[in-house]
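Coordinate analysis (summary)
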Amino acid sequence: METDASTATPSQPPSELSNSHDASDLHERDDSDLDSVFDDDDGLDSNGEPDISRNYNRQRPLHSNQQKPTANTLASVDDQIATLSKHAAKIRLDDVKDGQDRDKDKADRATSEQVLDQRTRMILYQMINRCVLSEIHGAISTGKEANVYGAVAYPDVNGPPLQRAVKVYKTAILSFKDRERYITGEHRFKSGADKGNNRKMVKLWAEKEFRNLRRIHSAAIPCPEPIQLKLHVLVMSFLGDRKGYAYPRLRDATIVDDDADELWKQLYAQLLSIMRRMYQVCKLVHADLSEYNILYNDRQLYIIDVSQSVEHDHPRSLEFLRMDIKNTGDFFRRQGIDTLPDRTVFDFITNSDGTVEEPGLSEAIEKLYTSRLPSSNDESAAAEREVDNEVFRNQYIPQTLEQVYDIEKDAEAIGEGEGAKLVYRNLLADQVVSKPDAENPSSGDESDDGASLDSDSGTDDESKFSKGTPRGKRFEDKDEKKLRKHAAKEAKAEKRKEKMPKHLKKRLVATTSRKNR
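Residues numbered from 1 in each chain as written. Predicted model: local features only at pLDDT ≥ 70, side-chain atom pairs only at ≥ 80, totals over all residues. Heavy atoms only, no water.

Brief notes about the overall build of the protein chain
What the protein chain contains, in helices and strands, is 18 helices and nine strands. Burial status across the protein chain gives 36% buried among its 517 residues. At a minimum sequence separation of 6, the contacts of the protein chain that also span at least 24 residues come to 64%. Accessible surface for the protein chain amounts to roughly 33,900 Å². Of this, 49% is attributable to carbon and sulfur atoms. (Helix = DSSP H or I, 4+ residues; strand = E, 2+ residues; numbered from the N terminus. Buried < 20%, exposed > 50% of the residue type's maximum accessible area, 1.4 Å probe, protein only. Contact = heavy atoms within 4.5 Å. Areas by Shrake-Rupley, 256 points an atom, 1.4 Å probe, with all protein chains shown as cover.)

Considering the sheet that holds strand β3 (residues 162-169)
Reading across the sheet, the five strands line up as β1-β2-β3-β5-β4 and stay open at both edges, with antiparallel pairing between neighbours. Edge positions in the sheet fall to β1 (135-142) and β4 (226-230), since each has one partner strand and no second. In this sheet, neighbouring strand axes are inclined to one another by 25° on average, regardless of whether the strands run parallel or antiparallel. Inspection of the sheet shows β1 paired to strand β2 (residues 146-153) by five bridges, in the antiparallel sense. Opposite Ala139, over in β2, you have Tyr149 as the bridge partner. Along the sheet, helix α6 (residues 118-129) makes contact with β1, β3, β4 and β5 (233-237), crossing β5 at roughly 40°. Relative to β4, helix α8 (residues 198-218) is tilted by about 165°, and along the sheet it contacts β3, β4 and β5. (Pairing = 2+ DSSP bridges. Axes fitted to C-alpha atoms, helices over the stretch in contact; angles between N-to-C directions.)

Regarding the pattern of salt bridges
One pass over the full model with this rule turns up 19 salt bridges. When the shortest N-O distance is used, the salt bridge between Arg277 and Glu357 registers 3.1 Å. Taken together, the residues span a long stretch of sequence, with Arg277 in helix α9 (residues 260-280) and Glu357 in the loop between α11 (342-350) and α12 (360-370) at a distance of 80 residues. Classification of Glu357 as partly exposed rests on a relative accessible area of 44%. Of the charged contacts in the structure, one is a salt bridge between Arg393 and Glu390, with a shortest N-O distance of 3.4 Å. Here Arg393 and its partner Glu390 are both found in helix α13 (residues 379-393), three residues apart, which amounts to about one turn of the helix. Assessed through its relative accessible area of 15%, Arg393 is described here as buried. For Glu390, a relative accessible area of 39% puts it in the partly exposed group. Among the charged side chains, a network of salt bridges with common partners joins Lys326, Asp330, Arg333, Asp342, Glu386, Glu390 and Arg393. (Salt bridge = Lys/Arg side-chain N within 4 Å of Asp/Glu carboxyl O.)

Description of the pairing of β3
When a strand is regular, its side chains alternate between the sheet's two faces. Summarising burial for β3: seven of the eight residues are buried, a large majority. Examined bridge by bridge, β2 and β3 share eight bridges and lie antiparallel to one another. Residue pairing in the sheet places Asn147 in a bridge with Val168 of β3.

Details of the packing of helix α10 (residues 317-334) against α13
Taken N-terminus to C-terminus, the directions of α10 and α13 make an angle of 155°; their axes are 11 Å apart at the nearest point. When the axes of α10 and α13 are compared, the pair comes out roughly antiparallel. Crossing of α10 over α13 shows left-handed handedness. Contacts between α10 and α13 involve Arg322, Lys326, Asp330 and Arg333 from the former and Asn389, Phe392 and Arg393 from the latter. Partitioning the contact of α10 with α13 into residue classes produces one nonpolar, one polar and five charged. (Parallel < 35°, antiparallel > 145°, perpendicular 65-115°, else oblique. Left-handed = near helix turned anticlockwise from the far one by under 90°. Nonpolar A, V, L, I, M, F, W, Y, C, P; charged D, E, K, R; others polar.)

Regarding α6
With twelve residues, α6 extends 16 Å from end C-alpha to end C-alpha; this agrees with the ideal 16 Å at 1.5 Å per step. Burial runs high along α6: ten of the twelve residues are buried. For α6, the full list of buried residues reads Arg119, Thr120, Arg121, Met122, Ile123, Leu124, Tyr125, Gln126, Met127 and Ile128. Looking one or two residues past α6, Cys131 carries a phi angle of roughly 65°, positive in sign. (Expected span 1.5 Å × (residues − 1).)

Thoughts on the packing of α9 against α12
α12 packs onto α9 with a crossing angle of 115° between their chain directions and a minimal axis gap of 10 Å. With respect to α12, the element α9 is oriented roughly perpendicular. Remark: the crossing between α9 and α12 carries right-handed chirality. Facing Lys265, Tyr268, Ala269, Leu272, Ser273, Arg276 and Arg277 of α9, the residues of α12 in contact are Leu361, Ile365 and Tyr369. Partitioned by chemical class, the residues of the contact of α9 with α12 number six nonpolar, one polar and three charged.

A word on a positive patch on the surface
On the surface, Lys489, Lys492, Lys495, Arg496, Lys499, Lys502, Lys505 and Lys506 cluster together into a positively charged patch. Tracing the sequence through the fold places Lys492 in helix α17 (residues 478-497). (Patch = residues over 30% accessible without salt bridge, like charges linked within 9 Å, V, L, I, M, F, W, Y side chains within 5 Å. Lys, Arg positive; Asp, Glu negative; His and termini not counted. Charge placed at Lys NZ, Arg CZ, Asp CG, Glu CD.)

A look at the packing of aromatic side chains
The tally for this structure, following the rule as stated, stands at eight aromatic pairs. Plain terms: the ring middles of Trp264 and Phe332 are 6.1 Å apart, the flat faces sit at 75° to each other, and that makes the pair edge-to-face. With Trp264 in helix α9 and Phe332 in helix α10, this residue pair connects regions lying 68 residues apart in the sequence. Since its relative accessible area comes to 0%, Phe332 is described here as buried. Ring centres of Tyr396 and Tyr405 lie 4.9 Å apart, and the angle between their planes is 25°; this geometry places the pair in the stacked category. Residue Tyr396 is classed as partly exposed on the basis of its relative accessible area of 38%. (Phe/Tyr/Trp six-rings, centres within 6.5 Å; stacked < 30°, edge-to-face > 60°.)

No statement about biological role is implied by the geometric values presented.
Now the structure itself:
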């Protein structure tokens, strides 16, 4: 009796079968991860915005009935990996500066494998292959969220090199548990934090910083210029000198000039101007602004690390703004600078009236200093200012009318001309908080009984919201309609006077047609 060939092979032990299945699953998972790396169609255009036409073309094969043979995608990925591996020696994580010797070492490849995973290295190989980068050097800064590496690009073969910064977000270590307050209410994270897919969240996090940087850079605020984004790898312009040395953080900046105190005061005013421009022009709140996320060079401040920055209408944007004001104010006070109260800085940033350009911003800050009440510099005055700052930091600030505790009380205060005392007055619509009429002082001095419902002031207030006459022929008055028709009739009569008679027109057409023959 003949045995089947399929049954003649010896069976493998269950442990070996499970190990083989696990290895194959792991291999398939790695291949699927690399598919996203080699997929150029990431759905974003050069500006970092969704590309509608590209997304449509990508979905067209799903709706077609064409029968195409299945491609060997695994072989394609292997070929691309083999092609890009030639750039492995250009990723050198040692700290190499311009002018130093570039000694190659066999341990360079091993070091890169210990720090960067395979997906990240493939993305960097792609950028090198496309001449976005030429070499990648040592780490500029490391953190729990991402690492920033120095890089060099040669846009012109015979030209000088350009320094670049490459920010690589950590996909396996980064935890979004402490980022819940930044994610909740953010339109890019409508479904909340997907704790089971860190890579997806990190990709959205990187896209968020890319767009925030573009918005800040387009507003002429000093910051790194975003160049390219691929998954969790962001390429930016380098804030440093030509040799590859990065600008120091504001915390590590050494200012030993004779006018150090005056320079610190100028930097404080410069930072307040940047915060106002970010809020009014970019519609952003940094949400983690401190001396650690600000670079300094040659009397100029640079804003970095805006991945957690939120929109100005975020549910906790005002809380983050007060936190930024506190952190920056505490730092400059430690430098011996006479800072403005937190409440004054908050009103200066959120007030929509006023300029957002220089030199108007510097003049506005000088006015804030001169308009302060004169107070002695003793300990009691400093303690009073600290108490006022602490009260403001813990004060409840509503962002919508639904969050106002007693809206009738606040509306009554606005009607009495005391709207300037509301902490959220700058968040209200224009012309809501208006000053009392100085030309009519008798409006509030004649009686203390309050305004009656039949008063003329009530009719004046209602007239502001009354609608004008509707447009259109249907709503015309009879006299206006009669005049309009009469005017149209006269216009047609004047036009007929200059019109050529029909028999002359036919004769002219006939003569011209004979000549053409």
